[in-house]
Amino acid sequence: MKEEDKKIINELNGTRAKIYYQLNQLEKITGMSIRTLKYRMKLVKEKYSNMPNLLKRNGKAWQIHYTLIDEFMPKYNKQQTNLYNHKWETFLTWNMKDDYDVHYHIRLINEIKVEIPYANIAYVVEMDGRGFNHIHAITDTYKDNVEVATSKVLDKYLDLYQYRCQVEKINNTSSATSYLSKNGTITII
């Protein structure tokens, strides 16, 4: 890549949220040992050497931008996973036209779990700007399966114009999990 291109990309990355982690904080997120993370840091340091908005040194510690966390994730599937290093596939969110209580949203997400029992679902119920509850969830099954199960459950109780639902494939797992954990407690079913 040309130097001019790297400068432009670095300037664009400078407009992102300023959320940085240190290498020892990635141990909990990735589930990997500090020694393995140091080896991985060697590769990441070379790859992002001209991107100070993503990777910079603060004294003896590295400041690693949250968008680079996927570079440190395990290459192989681990036997025991946590919220951050699990292989999440799909992001789900819905908003209702009217206000429903938290228990109603939990009941709906539990019915979706019944429709796709093989899937793990992590969800959080949040309040929007109107003061209405809505839900964000991530699952480890494919987008098509989640769309079918979600529309089946929501259409059973609501008309199509009473809710807005979005189901998307996750491109950056660490961003999805950090977005989910921004408000409220994450529940995994």
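All of the points below concern the structure found in this document.

Cut-offs used in this document
Residues numbered from 1 in each chain as written. Predicted model: local features only at pLDDT ≥ 70, side-chain atom pairs only at ≥ 80, totals over all residues. Heavy atoms only, no water. Helix = DSSP H or I, 4+ residues; strand = E, 2+ residues; numbered from the N terminus. Buried < 20%, exposed > 50% of the residue type's maximum accessible area, 1.4 Å probe, protein only. Contact = heavy atoms within 4.5 Å. Areas by Shrake-Rupley, 256 points an atom, 1.4 Å probe, with all protein chains shown as cover. Phe/Tyr/Trp six-rings, centres within 6.5 Å; stacked < 30°, edge-to-face > 60°. Pairing = 2+ DSSP bridges. Core = buried A, V, L, I, M, F, W, Y, C linked by side-chain atoms within 4.5 Å. Expected span 1.5 Å × (residues − 1). Arc of directions from axis to C-beta.

When its secondary structure is counted, the protein shows six helices and eight strands. Seen in sequence order, the protein has helices and strands lined up from the N terminus as α-β-α-α-β-β-β-α-β-β-α-β-α-β. Projected onto its principal axes, the C-alpha coordinates of the protein cover approximately 55 × 35 × 30 Å. Taken over 189 residues, the protein has a buried fraction of 40%. Within the protein, contacts between residues separated by at least 24 positions form 70% of all contacts whose residues are at least 6 apart in sequence. A total of about 11,400 Å² of accessible surface is found on the protein, and carbon and sulfur atoms cover 50% of it.

Below, the discussion takes up the packing of aromatic side chains. One pass over the structure, following the stated rule, counts one aromatic pair. Here Tyr100 and Tyr104 contribute two aromatic rings whose centre-to-centre distance is 4.5 Å and whose plane-to-plane angle is 20 degrees, an arrangement assigned as stacked. Exposure remark for Tyr104: the relative accessible area of 19% places this residue in the buried category.

The five strands are arranged S7-S4-S6-S5-S8 in an open sheet whose pairing can be described as antiparallel. The open sheet has two edge strands, strand S7 (163–169) and strand S8 (187–188), and neither has a second partner. Where strand S5 (residues 121–127) lies against strand S6 (residues 133–139), seven bridges are found, and the strand directions are antiparallel. Bridging across to S6, Glu126 finds its partner in His134.

The next point concerns the sheet that holds strand S3 (residues 61–65). Ordered in space as S1-S3-S2, the three strands form an open sheet in which the pairing is antiparallel. Each edge of the open sheet carries a strand with a single partner, namely strand S1 (20–21) and strand S2 (55–58). Summarising the sheet, S2 and S3 pair through four bridges and their orientation is antiparallel. Residue pairing in the sheet places Arg57 in a bridge with Trp62 of S3.

Right, let's get into the nonpolar core. Within the largest apolar cluster, 20 residues are counted, with the highest numbers of intra-cluster contacts made by Leu92, Trp94, Ile109 and Ile112. Those elements that place two or more of their residues in this core are strand S4 (90–96), helix H4 (102–115), S5, S6, helix H5 (143–157) and S7. Filtering out sequence-adjacent residues up to four positions away, Trp94 remains in contact with His105, Leu108, Ile109, Ile112, His134, Ile135, Thr150, Leu154, Arg164 and Cys165. Within the second largest apolar cluster, 18 residues are counted, among which are Leu23, Ile29, Trp62 and Leu68.

For the rest of this paragraph, the subject is the pairing of S6. The buried fraction of S6 is high, at seven of seven residues. On S6, burial covers both faces: Asn133, Ile135, Ala137 and Thr139 on one face and His134, His136 and Ile138 on the other are all buried. Bridge analysis of S4 against S6 gives six bridges, and the strand direction is antiparallel. The partner of Asn95 across the bridge, within S6, is His134. As consecutive antiparallel partners, S5 and S6 are separated by five residues, and within that stretch Gly131 has a phi angle of approximately 90 degrees, a positive value.

Relative to the helices and strands, Gln63 is located in strand S3. Look at Gln63 and you get buried, because its relative accessible area is 13%. Discounting chain neighbours no more than four positions away, the residues touching Gln63 are Tyr20, Tyr21, Gln22, Leu54, Leu55, Lys56 and Asn58.

Right, let's get into H5. Look at H5: 22 Å from first C-alpha to last across 15 residues, which is about the 21 Å you get at 1.5 Å a residue. Turning to H5, its buried residues are Val146, Ala149, Thr150, Val153 and Leu154. Taken down its axis, H5 places every buried residue within 120 degrees of arc, on the same side. The outward face of H5, more than 90 degrees from its buried face, is lined by the exposed residues Asp144, Val148, Lys152 and Lys156. Packing partners of the buried residues in H5 comprise S4, H4, S6 and S7.

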